[in-house]
Amino acid sequence: MSTPAISKTRQLRNMLQSNQLEFIMEAHNGISARIVEEAGFKGIWGSGLALSAQFGVRDNNEASWTQVVEMLEFMSDVTDIPILLDGDTGYGNFNNMRRLVRKLEQRDIAGVCIEDKLFPKTNSFISGERQPLADMDEFSGKIKAGKDSQLDDDFNIVARIEALIAGWDVREALRRAEAYHEAGADAILIHSKMSKPDEILEFCQEWANRAPVVIVPTKYYSTPTDVFRKADISLVIWANHMIRTAVAAMQATANEVFENQTLVVVEDKIASVNELFRLQGADELVQAEKRYFNPDRDRTKAIILAASRGRALESLTRDKPKVMLPINGKPLLRHMADEFKKQGINDITVVAGYKADAIDVQGVKKVLNPDHETTGELQSLICAQDNFTDDILLTYGDLLFRTYILQDLLDVPGDLVMVVDSANSDTRFTGSPDYTWCSEEDDRSLLGADVDLKAIADCYDDQGPPPSGRWIGMLHIRARGMEWIKQALEELQQHEDYRQIGIPHLLEHLVKQGKPVKVHYIHGHWMDVNALEDLDRAGDFTK
Ligand code: SPV
Ligand code: MG
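Note that the coordinates shown come from a computational prediction; the quantities given were computed from them, not determined experimentally.

Caption draft 1: How the structure looks around the pattern of salt bridges. Here the structure, examined in full by the defined rule, presents 43 salt bridges. Taking the shortest distance from any N to any O, the salt bridge between Lys117 and Glu162 comes out at 2.8 Å. Here the residue Lys117 occupies a position in the loop between strand 4 (111–115) and helix 6 (136–149), and Glu162 occupies one in the loop between strand 5 (156–161) and helix 7 (170–183), the gap between them amounting to 45 residues. For the pair formed by Lys117 and Glu162, the shared burial category is buried. Salt-bridge contacts for Lys518 lead to Asp450; the nearest nitrogen and oxygen are separated by 2.9 Å. Of this pair, Lys518 sits in strand 20 (residues 518–522) while Asp450 sits in the loop between strand 17 (434–438) and strand 18 (453–457), placing them 68 residues apart in sequence. Here Lys518 falls in the buried class, since its relative accessible area comes to 17%.

Take a look at the structure:
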C-alpha cells in the first residue's frame, strides 16, 4: 500500500536468488493477501487453483485470464510484498503470453509461472499422467516472448515442468529444465504429485542449481523443511492453504448457524466485524477524511444545553426533560441531532440535568449538570468543558430550524458567530427572547454583510432603540472564540451570581471586552419549543 523501497519484482528476484530457503503463501483475493502479508510472508502465490475455487469454478481455465488479473490487482493494491502469479499455460500461445506479461507489469505483479501443458489446462492432481505436455520448443518460445516483452528487467518468469506429473522421468524433466533455462526462465518449478520428495530431490541433485528451483510440496507435505534446505531449493510455495482454511471455516459456520438458527453458536469463534474493518484499512480512510473531506464540518462538535425542565411544559415534562418531548414521532433532541448530522457534525454532546436518565438518543453523548436546579446555562456549559475544541456549535436544547440555517452558519467566517432572526414577529414567540442590538440592521438585499453584536438582553425599553432581532440560541465558536470563552468563564466565575448566569450574559461580557461577536442574520424558518402551543406548531414545522 505504501511504495516499497525495493520494487516488488526485485523483492521476488532477491528471494529466488538468495542462498537461503524462502517461502511464499497462496492468496486468492485482497483480504487473504493482506493476511498472508501480515503473517510475515515475503511473497504471495497467486494460485490458479485457489483463484478459480474462490470464483466457484474449476481449475480448467474456466475463469478468464482477465478475471484472474482483475483479482490480482486487488491483491497487489493492498500489499507491499511481491505476487508470483500461477499463470497456468500462459493463456494461449507466445502472443498471449506477451500480452499477459505487459498486463501483469502494469499491475505491479512481480512474476508469472507458466507450466508446459496445453490450454485449457487441468490441475496437476487430476489424472496427471493423462495430461499432454507442451512441445518443448513451442514452450521455450513462449518463455522467450515473455522475457522479451517485459519492460522491468526484474520481472520474473518461472518455468514449471510438468514432466513428473504427466508420468515422464527425471531425465525428461531435466531436458526440459535445460531448454527453459536456455530460453531465459529466471527459475524452474519442478512439480510432483508423489507423497515423498524422492523424485524432486533427484532432480535437484542432477540440476545442481543451474537456475533457482521452486517447489510445491502439497502432496509431499510431511517432508521436513530442512530436507528442502539441504537440497538447495530456493523457494517453497505453500500453494492452497488459505483457500482450504477458508473453506473449512465457512463450512463449519454455515452448518452451525443453519442447524441452530442463531448466531450465538458462532459469534465467539469468528473474526469480529472490527477485525474486517482493520484488514480493510478503515482507519486510513478516517484519517484521509480528516485531510480531504469537508475537514471543517467533520471537526465541528455540537454541545446542546438541555439541563432545564421547561417550566411552561410542566404537565408534559413530569418524567422527561423538554428535549425528549416527541415531535412528529421523535424526540426534539433527535430532530436536532439529525440536522447536525446532515452537516457532518457527528460528535454531539447534550448537557443534561432534569430527568437526565430519560435522555436517550442514539449518537448523542450525555454530560450531567448535577446542580441544574440551582444553576444556569453557564454552569451547564462548564460541565461540558471536557468537550471544548476549536470548533464548537453551541445551541439551546429546544430549537427546530430549517437545514440551511445551520449549513449557512457553518460557512460564515468569524471566531464567534451567532444566528440572529431579524423577523419582527414577537407574537410568535412564547419563551423569553434574547434581544440583540447589532452594528448593522439586517439588509436582506445584502449577502454576507459584516455585522457585530453590540448588546444582548432579555427585555428592552420602548423609548430606546429597537432591537435588531433576537438570538435564536445557536452559536458557532472557532479556535479564538473558544479561547475568549474559556477566559470569560474564569472571569465570570468570580461573580457572586455566576451560577445563575445565562449564555447571553457571557456574550455581553465578550462584547464589552471588545471581542467581535459576529452576527449571521436569518429571517424566520426556526422556532423554539417553550409552551404547549409550541408543540402543535413544532409538529407542523417538522412535517
Ligand atoms: C496452483 O496452486 O494452482 C498450482 C499448484 O498450480 S498445484 O495445484 O499443486 O498444481
Ligand atoms: Mg495452478
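After that view of the structure, there is still more to cover.
Caption draft 2: Broad picture of the packing of aromatic side chains. Counted according to the given criterion, the structure contains nine aromatic pairs. Arranged with centres 4.8 Å apart and planes meeting at 80 degrees, the rings of Tyr435 and Tyr460 form a pair that is edge-to-face. Of this pair, Tyr435 sits in strand 17 while Tyr460 sits in the loop between strand 18 and strand 19 (469–478), and the two are 25 residues apart along the sequence. Note on Tyr435: relative accessible area 10%, which makes it buried. For Tyr460, a relative accessible area of 33% puts it in the partly exposed group. Connected via pairs of aromatic rings, a cluster forms that spans Tyr435, Trp437 and Tyr460. One Lys or Arg, Lys219, reaches over the ring of Phe125 and ends 4.8 Å from the middle of that ring. Lying across the ring of Phe541, Arg402 places its NZ or CZ 3.8 Å from the centre.

Caption draft 3: Fine view of empty space enclosed by the protein. Applying the stated criterion across every chain yields a total of two cavities of 30 Å³ or more. Taken as a whole, the largest cavity encloses approximately 140 Å³ of empty space. Around the largest cavity, the lining is made up of 17 residues, and of these Leu49, Asp86, Asn123, Arg160 and Ala239 lie nearest the centre. Here the lining of the largest cavity is built from residues that sort into five nonpolar, seven polar and five charged. The calculated volume of the second largest cavity comes to roughly 100 Å³. Classifying every residue of the lining of the second largest cavity by side-chain character gives four nonpolar, four polar and five charged.

Caption draft 4: A look at the site of ligand 1. All residues adjacent to ligand 1 are Trp45, Ser47, Gly48, Leu49, Asp86, Asn123, Ser124, Phe125, Arg160, His191, Val216 and Ala239. One of the backbone nitrogen or oxygen atoms of Gly48 is found 3.1 Å away from an oxygen atom of ligand 1. The separation between an oxygen atom of ligand 1 and a polar side-chain atom of Asn123 is 3.1 Å. Under a 2 Å grid-point criterion requiring more than half of the atoms, the pocket assigned to ligand 1 is the largest cavity. Of the residues contributing to the shell around ligand 1, the split by class is five nonpolar, five polar and two charged.

Caption draft 5: The arrangement of the nonpolar core in detail. If you look at the biggest cluster of nonpolar residues, it comprises 59 residues, and the most contacted ones within it are Leu85, Tyr180 and Phe203. Here the element with the most residues in this core is helix 7; it accounts for seven residues. In this structure Leu85 touches Trp45, Gly46, Leu51, Val68, Leu72, Tyr91, Leu100, Leu104, Ile109, Gly111, Val112 and Cys113, once residues within four positions along its chain are discounted. Core analysis: the second largest hydrophobic core is formed by 37 residues, Val351, Ile382, Val420 and Val519 among them.

Caption draft 6: Quick peek at the layout of surface pockets. There is about 1100 Å³ of room inside the largest pocket. With three residues, strand 19 is the largest single contributor of residues to the lining of the largest pocket. Tallied by class, residues from the lining of the largest pocket come to 13 nonpolar, 13 polar and 11 charged. When its volume is computed, the second largest pocket comes out at roughly 680 Å³. For the second largest pocket, the lining is made up of 24 residues, of which Ile35, Ala246, Ala249, Met250 and Ala271 are closest to its centre.

What counts and what doesn't
- Residues numbered from 1 in each chain as written.
- Chains lettered and ligands numbered in written order.
- Predicted model: local features only at pLDDT ≥ 70, side-chain atom pairs only at ≥ 80, totals over all residues.
- Heavy atoms only, no water.
- Salt bridge = Lys/Arg side-chain N within 4 Å of Asp/Glu carboxyl O.
- Helix = DSSP H or I, 4+ residues; strand = E, 2+ residues; numbered from the N terminus.
- Buried < 20%, exposed > 50% of the residue type's maximum accessible area, 1.4 Å probe, protein only.
- Phe/Tyr/Trp six-rings, centres within 6.5 Å; stacked < 30°, edge-to-face > 60°.
- Lys NZ or Arg CZ within 6 Å of the ring centre and 35° of its normal.
- 1 Å grid on protein atoms, 1.4 Å probe; cavity = no way out; pocket = protein on both sides within 12 Å on 5 of 7 lines; lining within 4 Å.
- Points joined across faces, edges and corners; volume = space filled by probe spheres on them.
- Nonpolar A, V, L, I, M, F, W, Y, C, P; charged D, E, K, R; others polar.
- Near = heavy atom within 4 Å.
- Polar contact = N/O pair within 3.5 Å; in protein donor to acceptor, adjacent residues only side chain to side chain.
- Sits in = over half its atoms within 2 Å of the grid points.
- Core = buried A, V, L, I, M, F, W, Y, C linked by side-chain atoms within 4.5 Å.
- Contact = heavy atoms within 4.5 Å.

Such coordinate-based values are descriptive only and should not be taken to indicate function.
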